Amino acid sequence: MPEQRTLHMIGNAHIDPVWLWQWPEGYQEVRATFASAIDRMREYPEFVFTCDSVLYLAWVEEHDPDLFDAIAKRVAEGRWQIVGGWWIEPDCNLPGGESFVRQALYSQRWLKERFGVTVTVGCNVDPFGHNASLPQLLRKAGIDAYVFMRPGPHEMTLPGPYFWWESPDGSRVLTYRIPHEYCSSGTDLGYQIDKSLAQLPPDAPDLMVFYGVGNHGGGPTKANLDSIRRLDATGGLPRLRCGGPREYFDTLASSGQEIPVHAGELQHHAVGCYSAHSGVKRWNRRAENLLARAEKWAAVGAAVADVPYPYAKFGQAWRQVLFNQFHDTLGGAAIEPAYEDSRDQFGHAVSLAGEAFNRAVQSLTRRVHIEPEPDMTPLLVVNPHPWPLRADVEFEFGGFAAPGARAVDDLGEPVAVQRTRSRATVNGWRRRLVLAADVPPLGYRTYRIQPAGEEPAGSPVAATDTRLENDFVALELDPDTGWVRSLREKAGDVDLAGGRPARHAVVIDDASDTWGHRVRAYDKVAGAFEVRATRLVEHGPVRAVLRVTSGYGSSTLVEEYVLGARDRHVEIRVTLHWHEKQKLLKLRFPTAVTEPEATFEIPYGHLVRPANGSEEAAQAWVDVTGELPGGRRGGLAVLNDGKYGHDVRVGENGGGDIGVTAARSPVYAWHEPKELDPGELYSYQDQGRQEFTVRLVPHAGDWRDAGVVRLAAELNQPAFPLLESYHDGDLPQARSFMSVTGSAVVPSVLKMAEDGDDAMIVRAYESTGRAAEATIEVLGRTVTASFGPAEVKTFRVPRDPAAPVTEVDLVEWPA
């Protein structure tokens, strides 16, 4: 009977702090909405308000202490229920794994300090899909349930409105998909309830319906609450009870019913957001990596050089990044002026990270003992990774007037160095060099740069205007089209292109709105960039560089193919001048692989998806592996330093084909069904110049054999060169501070513990999808652990060698 069922009525106010407005307007709407919720509590004793996004509570605390005190009282009595447990509702595909950790780390600790509570129900009602790693990241932050709305029933079939959501490591959270809408009108809720019930099974005894004016705030109204009383009294509906999600999930878990399981991601909705506004995507990736690098070296600086660890700066910087990962901001869906704010806020975070990193590193390098030598300039190269780094490192230099340079390492062994184009356009004394460095794990090495005559003739890289080849990789471009004709991994003797060039820089017609609503694949080809010139621009003892210039319409594409003498990959440095409107640029990398398996990096993990051409979100790499002519198995991984939209399909040459969405130019903040006025002046995204880098990693076997995860990390956190001077010191010319055994487990974080600098935090994850053992050495301490497939682990490592290493959760509390 209807009266035997219960609808848990969840009063909320979804607030977009940035979207069709800038953040100061969002700041005000938070205060007004929360004040309204407090007023409704005085008037309706049954009313319970559900609040997510801890940032909003922090905003109220900083500028309206009376309202904050009123909220604290309602939290204590249970009528103001806090869910989410994150700083903001972020995009749930694009941030890196560590950003999701920080959402919980800063938020759960803040809630515990202010209210003495922590959150157990995750809540992301508005984001555009949810990555497969989230159940693990939620559970390890104390959250055992989750609420979402997108993708909706028309976009993804699920086993029911509630289910256990399982991540690749096996973690589960009890999850509920909101029916119909997370917000409502401010009037009678009969329509909201009817539409919600139409999407829900008729035999479920307990269900949730969300209500309250939202997006620009507002929350539950008097009319909403009066209608709940009236509708509940009619007897024609299930019982209507004001409450919160925790009560609902507890009832569901204790019901004894069998709850189905869904394993994997929750997709797709608004796939255009993976690529909308290239600028904010690049700012985000850069900030995440510079903060991770700075924390590692600040921890080393604190332990070795007694440099105070800058907790406040890191907290401020991370909160700026988390705020700008809000789904409409990072998803590229906000108005154009909002990105001026975002640029400045990301820039502030990057500046704070740079200050912390520079202080820590130079507090160490000043203590490296360097003897003076005539006409010698010392160079220290810093490795941000806990494994040995072999990289060609570029640096500006003005130490001497000789035409060439030579280099030796800390042991006096010669090191290849060559001149490249300086970033300074001046005559004579300023130059740029590239040096073939080998740096110990999370450490540094000292090199000596000395004057020399002209660079010696010859190079270990064979190069022409269309060909690059070293001992490991051979690349050949078609001279007429500039497309890849051959990409050979020599050790396995596999040619990934198979001698069949196919279109590379492909322009797509894209009439969709900013979000890319109703789109699953970008495949309406309008044309392709045509090659204008190919030429060899650099050739020396370290590397060779081949430049390809092409054009389409009013746009120009310059790609510099870089092959180092020691590299097993080809780097492509891309400079794009994009001036197309309602178009999308795909850089396609075709292969000869058949029966392709497509693997995409996701936050703290990877996922295999169908190679069907659908637009997908990925982090720093995508791989296609399959069968090659002759029965061998191999593949190609494509790495990037700031792109998120990708697809894998069977291409026009018959093999697996990876596409990277390089630029997309919809109108800013344009939402269907609004039609564009042909006579109106609109602003289009991605207009102008942008730079980014991709790497092509051909391999025999699969991506694990090629070390793709580490190579992608090295692209996004490159070695740091620092010109030094002569000085006495107590540190050797090369040193390592942290290392890890094997390649499966990736230590991603080294920082000082949030509760004091007497301990360090080490976080690592299993990257191959296979169980692994790992030993991590860090500043004289040893961490040994077993990792399940795709498992993330966090360790508290006391600086006192007598104190034990312990495993903790993501909030740095006992696991």
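See the structure printed just above.
Residues numbered from 1 in each chain as written. Predicted model: local features only at pLDDT ≥ 70, side-chain atom pairs only at ≥ 80, totals over all residues. Heavy atoms only, no water.

**Q** Please clarify how the overall build of the protein should be interpreted in this entry.
**A** Each helix and strand in the protein was counted, giving 13 helices and 46 strands. Against the compact-globule benchmark of 28 Å for 815 residues, the protein has a radius of gyration of 28 Å, which places it among compact chains. If one aligns the C-alpha atoms of the protein with their principal axes, the spans along those axes are about 95 × 65 × 50 Å. In the protein, buried positions account for 63% of the 815 residues. Split by element, the accessible area of the protein, about 29,100 Å² in all, is 49% carbon and sulfur. (Helix = DSSP H or I, 4+ residues; strand = E, 2+ residues; numbered from the N terminus. Rg over C-alpha atoms; globule rule 2.2 N^0.38 Å. Buried < 20%, exposed > 50% of the residue type's maximum accessible area, 1.4 Å probe, protein only. Areas by Shrake-Rupley, 256 points an atom, 1.4 Å probe, with all protein chains shown as cover.)

**Q** What am I meant to see in unusual backbone geometry here?
**A** One can expect most non-glycine residues to show negative phi and most peptide bonds to be in trans. Going from arginine 150 to proline 151, the amide bond is cis rather than trans, its omega being 5°. Here proline 151 lies in the loop between strand S5 (145-148) and strand S6 (162-166). The peptide bond linking glutamine 267 to histidine 268 adopts the cis configuration, its omega dihedral lying at 5°. By the element assignment, histidine 268 lies in the loop between strand S10 (261-263) and helix H9 (278-305). Unusually for a residue other than glycine, aspartate 306 sits at a positive phi of about 55°. Tracing the sequence through the fold places aspartate 306 in the loop between H9 and helix H10 (311-324). Positioned with a positive phi, glutamine 582 is a non-glycine residue whose angle comes to about 50°. With respect to the element layout, glutamine 582 can be found in the loop between strand S28 (570-578) and strand S29 (583-590).

**Q** Quick question: what am I supposed to make of the packing of helix H3 (residues 65-77) against helix H4 (residues 97-115) here?
**A** The relative placement of two packed helices comes down to the angle between their axes together with the axis-to-axis distance. Contact geometry for H3 and H4: axes closest at 11 Å, N-to-C directions at 90°. Considered as vectors, H3 and H4 are oriented roughly perpendicular to each other. Counting all contacts with H3, which are made through Phe68, Ala72 and Val75, the residues of H4 involved are Trp110, Arg114 and Phe115. (Axes fitted to C-alpha atoms, helices over the stretch in contact; angles between N-to-C directions. Parallel < 35°, antiparallel > 145°, perpendicular 65-115°, else oblique. Contact = heavy atoms within 4.5 Å.)

**Q** Would you explain the pattern of salt bridges in this entry?
**A** Two side chains that carry opposite charge are able to pair once their charged atoms sit near each other. Applying the stated criterion across every chain yields a total of 62 salt bridges. The partner of aspartate 438 in a salt bridge is arginine 566, and the shortest N-O contact between them spans 2.8 Å. Note that aspartate 438 is positioned in strand S16 (residues 431-439) and arginine 566 in the loop between strand S27 (555-564) and S28, a separation of 128 residues in sequence. With its nearest N and O atoms 3.5 Å apart, the salt bridge here joins aspartate 755 to arginine 796. Of the two residues, aspartate 755 is situated in the loop between strand S41 (745-752) and strand S42 (759-766) and arginine 796 in strand S45 (residues 792-798); the sequence distance between them amounts to 41 residues. Exposure remark for aspartate 755: the relative accessible area of 49% places this residue in the partly exposed category. Salt bridges here are not isolated pairs; linked through shared partners, they connect Glu394, Glu396, Arg430, Arg432, Glu538, Arg543, Glu571, Arg573 and Arg695. (Salt bridge = Lys/Arg side-chain N within 4 Å of Asp/Glu carboxyl O.)

**Q** What is the right way to look at the side chain of glutamine 345 in this model?
**A** Secondary-structure assignment places glutamine 345 in helix H12 (residues 336-365). Leave out the neighbours within four places in its chain, and glutamine 345 touches Trp23, Gln320, Phe323 and Asn324.

**Q** How should the pairing of strand S13 (residues 404-408) be read in this particular structure?
**A** Side-chain direction in a regular strand flips from residue to residue, so the side chains alternate between the two faces of the sheet. The buried fraction of S13 amounts to four of the five residues, a majority that puts the element mostly inside the structure. When S13 meets strand S17 (residues 443-452), the two strands line up antiparallel, connected through five bridges. Across the sheet, alanine 405 pairs through a bridge with proline 451, a residue of S17. Where S13 lies against strand S14 (residues 414-415), two bridges are found, and the strand directions are antiparallel. Across the sheet, valine 408 pairs through a bridge with proline 414, a residue of S14. Hairpin connection from S13 to S14: five residues lie between these consecutive antiparallel strands, with glycine 412 at a positive phi of about 85°. (Pairing = 2+ DSSP bridges.)

**Q** I keep staring at the sheet that holds strand S46 (residues 806-808) and nothing clicks. Help me out?
**A** Note: strands within a sheet are paired through backbone hydrogen bonds, in either parallel or antiparallel orientation. Reading across from one edge, S41-S42-S45-S46 is the order of the four strands in this open sheet, with antiparallel pairing throughout. Only two strands of the sheet have a single neighbouring strand rather than two, namely S41 and S46. When the angles between neighbouring strand axes are averaged without regard to direction, this sheet yields 30°.

**Q** Would you take a moment to explain helix H1 (residues 23-43) for this structure?
**A** Think of an α-helix as turning once every 3.6 residues; residues three or four places apart then point the same way. Over its 21 residues, H1 extends 31 Å from the first C-alpha to the last, a length consistent with the 30 Å expected when each residue adds 1.5 Å. On its buried face, H1 sits against strand S2 (49-51), helix H2 (54-63), H3, strand S3 (80-82) and helix H7 (222-234). (Expected span 1.5 Å × (residues − 1).)

**Q** When you look at the nonpolar core in this model, what are you seeing that I'm missing?
**A** Side chains of nonpolar character tend, in soluble globular proteins, to be buried together. Membership of the largest hydrophobic core comes to 144 residues, with the highest contact counts inside it found for Phe34, Leu57, Trp80 and Trp297. Excluding residues within four positions of it along the chain, leucine 57 makes contact with Phe34, Cys51, Phe68, Ile71, Trp80, Ile82, Trp110, Leu111 and Phe115. (Core = buried A, V, L, I, M, F, W, Y, C linked by side-chain atoms within 4.5 Å.)

**Q** In this structure, what is going on with the sheet that holds strand S44 (residues 781-787)? I would like to understand it.
**A** Taken in spatial order, the three strands line up as S40-S43-S44 in an open sheet, and their pairing is antiparallel. The open sheet is flanked by strand S40 (738-740) and S44, the only strands paired with a single partner. Strand-to-strand twist in this sheet, taken as the mean axis angle between neighbours without regard to direction, amounts to 15°. Of the pairings in the sheet, the one linking S40 to strand S43 (residues 772-778) comprises three bridges and is antiparallel in character. Looking at S43, one finds that methionine 738 is bridged to valine 778.

**Q** Teacher, can you tell me more about the pairing of strand S35 (residues 645-650) here?
**A** Where strand S32 (residues 616-617) meets S35, two bridges bridge the pair, whose relative direction is antiparallel. Looking at the pairing, glutamate 616 lines up with histidine 646 of S35. With five bridges joining them, S35 and strand S36 (residues 656-664) adopt antiparallel strand pairing. Within S36, the position partnered with arginine 649 by the bridge is aspartate 657. In sequence, S35 turns back onto S36 through a hairpin of five residues, with glycine 654 there showing a positive phi of about 90°.

**Q** Explanation requested: H4 in the structure shown.
**A** Here H4 contains 19 residues, and its C-alpha end-to-end distance of 27 Å stays within 8% of the 27 Å for a straight helix at 1.5 Å per residue. With 16 of its 19 residues buried, H4 lies for the most part within the structure. At the exit of H4 stands glycine 116, carrying a positive phi of roughly 70°.

**Q** I tried to follow the environment of alanine 491 on my own but got confused; where do I start?
**A** Here alanine 491 lies in the loop between strand S21 (484-489) and strand S22 (494-495). Alanine 491 sits in the exposed class, given a relative accessible area of 69%. In this structure, the C-alpha to C-alpha distance between alanine 491 and valine 54, residues 437 residues apart in sequence, is 53 Å.

**Q** Looking at this structure, I do not really get the packing of aromatic side chains. What am I missing?
**A** Geometrically, a pair of aromatic rings is defined through the distance of the ring centres and the angle of the planes. Summed over the entire model, instances satisfying the criterion amount to 30 aromatic pairs. When the centroid spacing of 5.9 Å and the interplanar angle of 80° are considered together, the rings of tryptophan 110 and phenylalanine 115 count as edge-to-face. On the basis of relative accessibility, which here comes to 14%, the residue phenylalanine 115 falls in the buried class. For the pair tyrosine 309 and phenylalanine 314, a centre-to-centre distance of 5.3 Å together with 50° between the ring planes defines the contact as tilted. Members of the aromatic cluster, each reached through a chain of ring pairs, are Trp23, Tyr27, Tyr56, Trp59 and Phe323. Across from the ring centre of phenylalanine 600, 4.8 Å away, lies the NZ or CZ of arginine 609, which sits over that ring. Here lysine 793 stacks its cationic end above the ring of phenylalanine 787, 5.9 Å away from the centre of that ring. (Phe/Tyr/Trp six-rings, centres within 6.5 Å; stacked < 30°, edge-to-face > 60°. Lys NZ or Arg CZ within 6 Å of the ring centre and 35° of its normal.)

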